[in-house]
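This is what each chain is made of:
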Amino acid sequence: MKHLTTLAALLAGVAFAGAATACETTFRSSDTHPDGYPTVEAVKYMGQLLQERSDGRLCIEVYHSAQLGEEKDSIEQTQFGVIDMNRVSLGPFNNIIEETQVPSLPYIFRSVDHMHTVMDGEIGQQILDAFTPHDLIGLAFYDGGSRSFYNSQKPIKSMADLEGMKFRVMQSDLFVDMVSAVGANATPMPYGEVYSSIQTGVIDGAENNWPSYDSSGHFEVAKYYTLDQHLIVPEVLVMSKRTWDGLSAEDQEIVRQAARDSVPEMRRLWAEQEARSEAKLEAAGVEVVTDIDKTPFIEAMEPVYEKYVTSDVLKDLVARIQATE
Ligand code: GTR
């Protein structure tokens, strides 16, 4: 019996090693976040599903920590097919794909639940489909929590406190206008440059969710965090259309389904990480302002909607999101 068990274990080991080395295709997937971050782990999980469902043929290797470049550049590389897959915020797509501006509008979603309902349904599918003419296949949306302002200078207790301050935003014109709308100045720059820019005083702060504020270390140089929650901008997992076109229809379906099936795991990891980061940073001395009146912020965003929601497609999307319960 003992021998049999040992033999079974050995065989299982051989089978596993066989599967691990049998990858015919390994997709290179980019992520700006460090190893262990929910998005990185969710794509690895998708890789496991893919490997299982393709009898070990299709694999994913996640290049975390911006090893393949900052988001804007890595998106171009994905369009060219140099990078196979990319997990990115919708923000850096705003200047390229009009439809991605809608879920990136400040205060468009009433809550994370509202965002999930919208992005899991027809509207989300319409936005995923909008990637195709830009040489990308939209596979699934991931969570990015809600983003709020943090800075190195002072606690922001009302919109007036933001007057004249300088904040980094993602490379999207929409976010530049969003910051101007609340009376501050925006500097678009890659994520990797934010820490030193705050440290050297080039900017006063930035805006992000709890897990990114934590993992980027920005809290070390900007300890005032105000939960105005101006954005609930989803993140997206895309595949290069070049890579996609090289797959059989059957493999395309396996990829699509594995991406979809990684979403619940991503949301589980996200919820855990959000709670962990919040507790960690509060213990580290971050000063959080929670009782902020969001109404003036919401009202101030009207010119942003007027400037960006101009085409019929976007007007329709905004109206449908607002009508979604
Ligand atoms: C994070 C997001 C990243 C990146 C970053 C940023 O929340 O997950 O994809 O967009 O923010 O601000 O650049």
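Please read these numbers as outputs of a predicted model, since none were measured by experiment. (Residues numbered from 1 in each chain as written. Predicted model: local features only at pLDDT ≥ 70, side-chain atom pairs only at ≥ 80, totals over all residues. Heavy atoms only, no water.)

Participant: So what exactly am I meant to see when it comes to the packing of aromatic side chains here?
Facilitator: The way to describe two aromatic rings as a pair is by their centre distance and the angle between their planes. Per the stated rule, a full pass over the model turns up 9 aromatic pairs. Seen in terms of ring centroids, tyrosine 213 and tyrosine 225 are 4.4 Å apart; in terms of plane orientation they differ by 40 degrees. Their pairing is tilted. Here tyrosine 213, found in helix α8 (residues 210-215), pairs with tyrosine 225, found in strand β9 (residues 224-231); they are 12 residues apart in sequence, far enough to count as distant. As far as the burial class goes, tyrosine 213 and tyrosine 225 line up, both buried. Counting every residue linked through ring pairs, the aromatic cluster contains Tyr150, Trp210, Tyr213, Phe219 and Tyr225. (Phe/Tyr/Trp six-rings, centres within 6.5 Å; stacked < 30°, edge-to-face > 60°. Helix = DSSP H or I, 4+ residues; strand = E, 2+ residues; numbered from the N terminus. Buried < 20%, exposed > 50% of the residue type's maximum accessible area, 1.4 Å probe, protein only.)

Participant: Can you help me understand the sheet that holds strand β10 (residues 235-240) in this one?
Facilitator: Strand pairing in a sheet relies on backbone hydrogen bonds, with the paired strands running either antiparallel or parallel. An order of β2-β1-β3-β10-β4 is seen for the 5 strands of this open sheet, with the pairing classed as mixed. On the outer flanks of this sheet lie β2 (58-63) and β4 (136-142), each paired with one strand and no other. Across the sheet, the mean angle separating the axes of adjacent strands is 25 degrees when strand polarity is ignored. The strands touched by helix α2 (residues 38-53) within the sheet are β1 (25-30), β2, β3 (85-89), β4 and β10, with β2 carrying the most contacts at an inclination of about 165 degrees. Taken strand by strand, helix α5 (residues 122-129) contacts β4 and β10, and its axis lies near 145 degrees from that of β4. (Pairing = 2+ DSSP bridges. Axes fitted to C-alpha atoms, helices over the stretch in contact; angles between N-to-C directions. Contact = heavy atoms within 4.5 Å.)

Participant: Would you explain a negative patch on the surface in this entry?
Facilitator: Where like charges cluster on the molecular surface, the negative patch consists of Asp293, Glu299, Glu302 and Glu306. Turning to its location among the elements, glutamate 302 is positioned in helix α13 (residues 302-308). (Patch = residues over 30% accessible without salt bridge, like charges linked within 9 Å, V, L, I, M, F, W, Y side chains within 5 Å. Areas by Shrake-Rupley, 256 points an atom, 1.4 Å probe, with all protein chains shown as cover. Salt bridge = Lys/Arg side-chain N within 4 Å of Asp/Glu carboxyl O. Lys, Arg positive; Asp, Glu negative; His and termini not counted. Charge placed at Lys NZ, Arg CZ, Asp CG, Glu CD.)

Participant: Please clarify how the domain arrangement of the chain should be interpreted in this entry.
Facilitator: Interface size is commonly expressed as the accessible area that is lost once the parts come together. Here the domain parsing of the chain yields domain 1 (2-143 + 235-276) and domain 2 (147-232 + 277-323). Between domain 1 and domain 2, the C-alpha centre-to-centre distance is 26 Å. Across the boundary between the two partners, domain 1 contributes 36 residues, which contact 42 residues of domain 2. Interface of domain 1 and domain 2: buried area, both sides summed, is about 3,300 Å²; carbon and sulfur atoms make up 63% of it. (Domains from an automatic or database assignment. Buried area = accessible area lost by both parts, 1.4 Å probe.)

Participant: Where do I start with the site of the ligand in this structure?
Facilitator: The environment of the ligand is made up of 13 residues, and the closest members are His33, Glu71, Arg168, Asn208 and Glu235. Here an oxygen atom of the ligand and a backbone polar atom of serine 89 are 3.4 Å apart. Between the ligand and the protein, one listed contact pairs an oxygen atom with a side-chain N or O atom of glutamate 235 at 2.8 Å. Protein coverage of the free-state accessible area of the ligand, which is 320 Å², stands at 99%. (Near = heavy atom within 4 Å. Polar contact = N/O pair within 3.5 Å; in protein donor to acceptor, adjacent residues only side chain to side chain.)

Participant: What is the right way to read the nonpolar core from this model?
Facilitator: Nonpolar side chains in soluble globular proteins generally cluster together in the buried interior. Membership of the largest hydrophobic core comes to 49 residues, with the highest contact counts inside it found for Phe93 and Phe131. For this core, the elements supplying multiple residues, two or more each, are α4 (112-119), α5, β4, β6 (166-169), α6 (173-181), β10, α13 and α14 (312-323). Residue contributions to this core reach at least three from each of two domains, namely domain 1 (2-143 + 235-276) and domain 2 (147-232 + 277-323). In this structure, phenylalanine 131 is in contact with Leu90, Phe93, Ile97, Thr100, Leu136, Gly138, Val236 and Val238, ignoring residues within four places of it in sequence. Membership of the second largest hydrophobic core comes to 27 residues, among which are Leu58, Val62, Met85 and Ile254. (Core = buried A, V, L, I, M, F, W, Y, C linked by side-chain atoms within 4.5 Å.)

Participant: Can you walk me through α5 in this structure?
Facilitator: Given 3.6 residues per turn, any residue in an α-helix points the same way as the ones three and four places further on. Every buried residue of α5 is listed here: Ile123, Gly124, Ile127 and Leu128. Buried residues of α5, seen end-on, are gathered within an arc of 140 degrees and therefore sit on one face of the element. Check the buried side of α5 and you find it contacts α4, β4, β10 and α14. (Arc of directions from axis to C-beta.)

Participant: Before we go on, may I ask you to explain the state of the cysteines in this structure?
Facilitator: In protein structure, a disulfide is the covalent linkage between the sulfur atoms of two cysteines. The full count for this structure, using the stated rule, is 1 disulfide. Each disulfide pairs two cysteine sulfurs, and for cysteine 23 the partner residue is cysteine 59, the sulfurs being separated by 1.9 Å. Taking the torsion about the S-S bond as the criterion, the cysteine 23 to cysteine 59 disulfide, at about -80 degrees, is left-handed. One end of the pair, cysteine 23, is in the loop between α1 (2-21) and β1; the other, cysteine 59, is in strand β2, with 36 residues separating them in the sequence. (Disulfide = S-S within 2.5 Å.)

Participant: Would you take a moment to explain the pattern of salt bridges for this structure?
Facilitator: A side chain with one charge may pair with a side chain of the opposite charge, provided their charged atoms come close. Applying the stated criterion across every chain, the model contains 17 salt bridges. Here aspartate 31 and arginine 87 are joined by a salt bridge, their closest N and O atoms 2.8 Å apart. Taken together, the residues aspartate 31 in the loop between β1 and α2 and arginine 87 in strand β3 connect sequence positions 56 residues apart. When its relative accessible area of 1% is taken as the criterion, aspartate 31 is described as buried. With a relative accessible area of 1%, arginine 87 lands in the buried category. Through salt bridges with shared partners, one network takes in Asp31, Glu71, Arg87 and Glu235.

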